[in-house]
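If you want the building blocks of each chain, they are given just below.
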Amino acid sequence: MIAIARPTANQVAEELTGRSYVSFSSLRTFRECPLRYYFRYIAGLPEETVAAGLVFGSAIHRALETHFRELLSGNRPPSLDALLAEYHGGWSDRGEQQVLFGKGEDQNSLAMVARRILVAFQASELACPAGTILGVEEELRENVIPGLPDVLARLDLVVETDRAVVVTDFKTARARWSQEQAEDAGEQLLLYSELAKQLVPGKPVKLEFAVVTKTKVPAIERHEIELVPQRVARMKRVVRRVWRAIEAGHFYPAPSPLSCPTCPFRKPCRKWTG
Ligand code: SF4
């Protein structure tokens, strides 16, 4: 009798999505709208539009990344002009995608917001981490849930202090986050903690969001997410169920006034017949 080898979870993922792993952002896309996930990760449809908020957030992220990379290399913090150049680079590298701006918003008005944010960031304690920077945009990959594909994570900032390995994820928001909002978003960091705990074996991991607001006077606030074993176990069960739904092909539209106006798949969504 010839034994037929069953494909591994990574092979199944590659067959389905072209990637032999899952990321938190892909799972989040599925939870927000399964059909959007299908268009992006399974059908691989081109995305002709992009929300201005996404371009803005990743351009700010790029500027912060540059700041911390310089510190990691033992250099002085970059100037405001250098950070702004990175921010503008984030806009010019987006290719041919049409940017969908919000009401009363354009690239110039957002550039002024970016300047205010970066000035506030440079003056904040976030800009000078208390400890040794271990990684910036640190890419980690590991199998954290048996039977599921590997998880790939990019940790924005990892700092080792006397007491812990601190994992910081940057977020750009329209307004300040409450601690409750941070807790609601905390599954991402709980998943990352499973990868980060290998970085310095035996040292506890501390998780936090650094939330930068686009308000007139920008705020830069940190929200710690408590690493509770029950929450980690719950997060893993959620990830398992989400992946099983993807494997089973449970794709359907989940229209929402928050997601649909800036969704790059509005046209194919309207044509989708179920
Ligand atoms: S338009 Fe709305 S329902 Fe359709 S795929 Fe996009 S987010 Fe989902």
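First, a word on scope: everything that follows refers to the structure included in this document.

Calculation rules
Residues numbered from 1 in each chain as written. Predicted model: local features only at pLDDT ≥ 70, side-chain atom pairs only at ≥ 80, totals over all residues. Heavy atoms only, no water. Helix = DSSP H or I, 4+ residues; strand = E, 2+ residues; numbered from the N terminus. Contact = heavy atoms within 4.5 Å. Areas by Shrake-Rupley, 256 points an atom, 1.4 Å probe, with all protein chains shown as cover. Lys, Arg positive; Asp, Glu negative; His and termini not counted. Charge placed at Lys NZ, Arg CZ, Asp CG, Glu CD. Near = heavy atom within 4 Å. Nonpolar A, V, L, I, M, F, W, Y, C, P; charged D, E, K, R; others polar. Salt bridge = Lys/Arg side-chain N within 4 Å of Asp/Glu carboxyl O. Buried < 20%, exposed > 50% of the residue type's maximum accessible area, 1.4 Å probe, protein only. 1 Å grid on protein atoms, 1.4 Å probe; cavity = no way out; pocket = protein on both sides within 12 Å on 5 of 7 lines; lining within 4 Å. Points joined across faces, edges and corners; volume = space filled by probe spheres on them. Patch = residues over 30% accessible without salt bridge, like charges linked within 9 Å, V, L, I, M, F, W, Y side chains within 5 Å. Phe/Tyr/Trp six-rings, centres within 6.5 Å; stacked < 30°, edge-to-face > 60°. Lys NZ or Arg CZ within 6 Å of the ring centre and 35° of its normal. Core = buried A, V, L, I, M, F, W, Y, C linked by side-chain atoms within 4.5 Å. Pairing = 2+ DSSP bridges.

### A few points about the overall build of the protein chain
- Each helix and strand counted, the protein chain has ten helices and eight strands in total.
- Here the contacts in the protein chain between residues at least 6 apart in sequence split such that 71% fall between residues at least 24 apart.
- Working note: accessible area of the protein chain is about 15,000 Å², and carbon and sulfur atoms make up 52% of it.
- Between the centroid of the 36 positive side chains of the protein chain and the centroid of its 33 negative side chains there is a distance of 5 Å.

### With respect to the site of the ligand
- Around the ligand, the surrounding shell consists of Cys33, Arg36, Pro253, Ala254, Pro255, Cys260, Cys263 and Cys269.
- In terms of residue class, the shell around the ligand is built from seven nonpolar, no polar and one charged.

### Observations concerning the pattern of salt bridges
- Throughout the structure, instances matching the rule amount to 18 salt bridges.
- Ionic pairing is found between Glu208 and Arg222, a salt bridge with its closest N-O pair at 3.0 Å. Here Glu208, found in strand β7 (residues 205-213), pairs with Arg222, found in strand β8 (residues 220-225); they are 14 residues apart in sequence, far enough to count as distant.
- Assessed through its relative accessible area of 35%, Arg222 is described here as partly exposed.

### Brief notes about empty space enclosed by the protein
- For the structure shown, the criterion picks out two cavities of 30 Å³ or more.
- If you add up the space inside the largest cavity, you get close to 50 Å³.
- Lining the largest cavity, in full, are Thr17, Arg19, Tyr21, Val22, Ser23, Ser26, Tyr37, Tyr41 and Trp243.
- Going through the elements one at a time, β1 (21-23) and α3 (34-42) are the ones with two or more residues in the lining of the largest cavity.
- A total of three residues in the lining of the largest cavity trace back to one element, the largest contributor, which is β1.

### What about a positive patch on the surface?
- Together, Arg266, Lys267, Arg270 and Lys271 make up a region of like positive charge exposed at the surface.
- Along the chain, Lys267 turns up in helix α10 (residues 266-271).

### Comments concerning the packing of aromatic side chains
- Within this structure, the stated rule accounts for 13 aromatic pairs.
- With 5.2 Å between their ring centres and 45° between their planes, Tyr38 and Phe251 make a pair best called tilted. A residue pair is termed long-range when its members are at least 10 positions apart, and Tyr38 in helix α3 and Phe251 in the loop between α9 (229-247) and α10 qualify at 213 residues.
- For Phe251, a relative accessible area of 17% translates into the label buried.
- By the ring-pair criterion, three or more aromatic residues cluster together here, those being Phe30, Tyr37, Tyr38, Phe39, Tyr41, Phe251 and Phe265.
- Sitting above the plane of the Phe56 ring, Lys214 keeps its charged end 4.8 Å from the centroid.

### Topic: the nonpolar core
- Within the largest apolar cluster, 41 residues are counted, with the highest numbers of intra-cluster contacts made by Leu155 and Ile246.
- Looking at this core, the elements with two or more residues in it are α2 (24-32), α3, β5 (150-160), β6 (165-173), α8 (187-196), β7 and α9.
- No other element matches the eight residues that α9 contributes to this core.
- In contact with Ile246, not counting residues within four places along its chain, are Leu16, Leu27, Phe30, Tyr37 and Phe251.
- Within the second largest apolar cluster, 31 residues are counted, among which are Val55, Tyr87, Val159 and Val212.

### Some remarks on the pairing of β6
- Of all nine residues making up β6, eight are buried, and the element is well covered by its neighbours.
- When β5 meets β6, the two strands line up antiparallel, connected through four bridges. By the bridge assignment, Leu157 is partnered in β6 with Thr168.
- Connecting the antiparallel pair β5 and β6 is a turn made up of four residues.
- Bridge analysis of β6 against β7 gives nine bridges, and the strand direction is parallel.

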